[in-house]
Structure formats: structure tokens, C-alpha cells
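Topology and contacts: notes
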Amino acid sequence: MFSRRLLAVSFGAVILAVLAAASANALTAERTTYVKFSRGVALPGIELPAGTYIFERADPAMNRYLVRVLSRDRRKIYTTQVTNIVLRPSNVSNDHGIVLGEAGPGMAAPVRAWFPVGDERGHEFIFSR
């Protein structure tokens, strides 16, 4: 009798762990954007060469202001930035999430904001003046 109860509790714990992992992956996937740049871009304190990068919320459960930029294969974290939360401008479509600023000759265009696909709110990067 005791072993059946222990088996049932153990099985329930495994099911809960699997469901929790699936939920965490779903949340992460919703907040991840792969972005391909055809030329170099700048974020506060860093320049990235042309290539594909991952933009994602670093810790969506605890701090919605943190954005992390990683290599496409997730092996390198280029930067983690504190951002301002901003509303998506009407001229930025739901499936296009990057807003670039103007750059001078020979300079990388600054990434002004990132909007996760489908979100009304996005992340404005804070550049020092």
C-alpha cells in the first residue's frame, strides 16, 4: 500500500516537472527573436558585425527590462542591457522587431529598440549622450 502511494507521488512529481519545463520553454520561445543584419550595428558599449543574432528577454519572470543579445548558436553572450519599456510605434509592424537609428559615415547604425514579435511593448536601448 505504501509503495503504491510513493509511486503515485513520484509519478505526479515527474509530470509536474515536465509540465513546468514545457511552460518555461514556451515563455522563452515567445520572447526570442533571431535578427539578421547585413551590416554592422551598435548597441550601447558594443558593435556587432553583420550576422545573425538572438535578441531575448534575459529574465522575463524577474526583470522585464533586461535584454540579452547572443550569437545564433547561443554559445556567446555579446551583451546584457537594461532597457526602457516602450510602446510599439504604429509604423513598426508586428513581425518586424528592430528599429535602427541613423549613423554617421563609416559608423555602425545604432539599434534603438527591439520589439518581440507580436508584443505591443518593446525595449529601447539606452545610449549615453
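Before reading on, note that the structure itself is shown above.
Residues numbered from 1 in each chain as written. Predicted model: local features only at pLDDT ≥ 70, side-chain atom pairs only at ≥ 80, totals over all residues. Heavy atoms only, no water.

**Focus on the packing of aromatic side chains**
The tally for this structure, following the rule as stated, stands at five aromatic pairs. Judged by centre distance (6.2 Å) and plane angle (45°), the ring pair of Phe37 and Tyr53 falls under tilted. Remark: Tyr53 occurs in strand β4 (residues 51-59) and Phe37 occurs in strand β1 (residues 32-37); sequence separation between them is 16 residues. Taken as a pair, Phe37 and Tyr53 share a single burial class, namely buried. Consider the rings of Phe37 and Phe55, whose centres lie 6.3 Å apart with planes at 65°: the pair is edge-to-face. Highlighted residues: Phe37 in strand β1 and Phe55 in strand β4, separated in sequence by 18 residues. Across this residue pair, the class does not change: Phe37 and Phe55 are buried. The rings of Phe37, Tyr53, Phe55, Tyr78, Trp114 and Phe125 are connected pair by pair, giving a single aromatic cluster. (Phe/Tyr/Trp six-rings, centres within 6.5 Å; stacked < 30°, edge-to-face > 60°. Helix = DSSP H or I, 4+ residues; strand = E, 2+ residues; numbered from the N terminus. Buried < 20%, exposed > 50% of the residue type's maximum accessible area, 1.4 Å probe, protein only.)

**A word on the pairing of strand β9 (residues 121-125)**
Taken together, the five bridges between strand β6 (residues 77-87) and β9 define a ladder with antiparallel strand orientation. In the strand pairing of β9, Ile85 is matched with His123. The sheet contact formed by strand β8 (residues 109-114) and β9 spans two bridges and is antiparallel. Looking across to β9, one finds that Ala113 is bridged to Glu124. If you look at the hairpin formed by β8 and β9, you'll find six residues sitting between the two strands, and Gly118 has a positive phi there, around 85°. (Pairing = 2+ DSSP bridges.)

**A word on the side chain of Arg88**
The topology assignment puts Arg88 in the loop between β6 and β7 (98-100). Of the side chains with opposite charge, Asp119 lies nearest to the buried Arg88, which makes no salt bridge, at 6.5 Å. At 2.9 Å, the side chain of Arg88 forms a polar contact with the backbone oxygen of Asp119. If near-sequence neighbours (up to four positions away) are discounted, Arg88 is found in contact with Ser93, Asn94, His96, Phe115, Pro116, Val117, Gly118, Asp119 and Glu120. (Lys, Arg positive; Asp, Glu negative; His and termini not counted. Salt bridge = Lys/Arg side-chain N within 4 Å of Asp/Glu carboxyl O. Polar contact = N/O pair within 3.5 Å; in protein donor to acceptor, adjacent residues only side chain to side chain. Contact = heavy atoms within 4.5 Å.)

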